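Residue-level listing of the chains:
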Amino acid sequence: MTLRLGDTAPDFEQDSSEGKISFYDWLGNSWGVLFSHPADFTPVCTTELGLTAKLKDEFAKRGVKAIALSVDPVDSHHEWIKDINETQGCAVNFPIIADHDRKVSQLYDMIHPNADSSLTVRSLFVIDPNKKVRLMITYPASTGRNFNEVLRVIDSLQLTDEHKVATPGNWERGGDVVIVPSLQDEEEIKQRFPQGYKAVKSYLRMTPDPKANWSGD
């Protein structure tokens, strides 16, 4: 199965380190980050799960739940979590799916045979409260993910869902944004963007971030 942006994220039921997970029920009305790992007790994965645990408050500010996955069984996950907590100075606070039968891996196309015929690659999906896939990133096994980038994209998605803007390259919270080209009514622009805008080109109109109080999340 091949997923694309805007597709409905497949629902599933699978074992995890926190018991049986029914994905849609677990996600509820939250945003979700579903990310896979090649295997338990691997060095890069250990650092990634430690980072995710430490970012719990940042995810919570954005209404995001994190859930990890590998093809190893629950007992292995429990032992690995002890190592993650010890070596990364954290407490793993999210479930790790035990995809022993590779059911979820196949639903989300996480196994790439030319990379490895049985283990999952480093796939990451951001899923919105409507259960739509909003972001997909796939890393090779040798490269750990940049979770600051994941948070940055979630910020952008949530901002652009609320306002008629897009975020430029390297945008971060509080940076100037682009008014979408489809918005042409000047009265509406004035109402939406009272701080005005700078027309670099007719199609490139920069305006201050309309969400002023990011720190209040």
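- Under an unreviewed UniProt entry, the name given to the protein chain is Peroxiredoxin, and the source organism is Marinobacter flavimaris.

1. What about unusual backbone geometry?
Glycine aside, the phi torsion of most residues is negative, and most peptide linkages are trans.
1) Next: Despite not being glycine, Asp109 shows a phi value in the positive range, around 55 degrees.
2) Next: Along the chain, Asp109 turns up in the loop between helix 5 (103-107) and strand 6 (122-127).
3) Next: Residue class for Asp109 comes out partly exposed when judged on its relative accessible area of 32%.
4) Next: The backbone phi angle of Lys131 is positive, close to 70 degrees, even though this residue is not glycine.
5) Next: Relative to the helices and strands, Lys131 resides in the loop between strand 6 and strand 7 (133-139).

2. Concerning the packing of aromatic side chains
1) Next: Here the structure, examined in full by the defined rule, presents 7 aromatic pairs.
2) Next: Taking the centre distance of 5.7 Å and the plane angle of 75 degrees together, the rings of Phe35 and Phe147 count as edge-to-face. Pair noted here: Phe35 is in strand 3 (residues 31-36) and Phe147 is in helix 6 (residues 147-162), with a separation of 112 residues, a long-range link. The residues Phe35 and Phe147 share a single accessibility class, namely buried.
3) Next: Their ring planes at 70 degrees and their centres at 5.1 Å tell us that Tyr108 and Phe125 sit as a pair that is edge-to-face. A residue pair is termed long-range when its members are at least 10 positions apart, and Tyr108 in the loop between helix 5 and strand 6 and Phe125 in strand 6 qualify at 17 residues. Like Phe125, Tyr108 is buried.
4) Next: What links up through ring pairs into an aromatic cluster is the set Phe12, Phe23, Tyr24, Trp26, Tyr108 and Phe125.
5) Next: The ring of Tyr24 has Lys131 lying over it, and the distance from NZ or CZ to the ring centre is 5.6 Å.

3. Observations regarding the UniProt feature "active site" (unreviewed entry) in the protein chain
1) Next: According to UniProt, the feature "active site" (unreviewed entry) maps to Cys45 in the numbering used here.
2) Next: With respect to the secondary-structure elements, Cys45 resides in helix 2 (residues 43-54).
3) Next: If near-sequence neighbours (up to four positions away) are discounted, Cys45 is found in contact with His37, Pro38, Ala39, Trp80 and Arg122.

4. Things to note about the side chain of Asp99
1) Next: Turning to its location among the elements, Asp99 is positioned in the loop between strand 5 (96-98) and helix 5.
2) Next: In this structure Asp99 is buried but unpaired, with Lys103 as the nearest side chain of opposite charge at 6.7 Å.
3) Next: One polar contact links the side chain of Asp99 to the main-chain amide nitrogen of Lys103, over a distance of 3.1 Å.
4) Next: Excluding anything up to four places from it in sequence, Asp99 contacts Gln14, Leu69, Ser70, Val71, Asp72, Val104 and Ser105.

Calculation rules
- Residues numbered from 1 in each chain as written.
- Predicted model: local features only at pLDDT ≥ 70, side-chain atom pairs only at ≥ 80, totals over all residues.
- Heavy atoms only, no water.
- Helix = DSSP H or I, 4+ residues; strand = E, 2+ residues; numbered from the N terminus.
- Buried < 20%, exposed > 50% of the residue type's maximum accessible area, 1.4 Å probe, protein only.
- Phe/Tyr/Trp six-rings, centres within 6.5 Å; stacked < 30°, edge-to-face > 60°.
- Lys NZ or Arg CZ within 6 Å of the ring centre and 35° of its normal.
- UniProt positions renumbered as here; feature names shortened; annotations may be inferred.
- Contact = heavy atoms within 4.5 Å.
- Lys, Arg positive; Asp, Glu negative; His and termini not counted.
- Salt bridge = Lys/Arg side-chain N within 4 Å of Asp/Glu carboxyl O.
- Polar contact = N/O pair within 3.5 Å; in protein donor to acceptor, adjacent residues only side chain to side chain.

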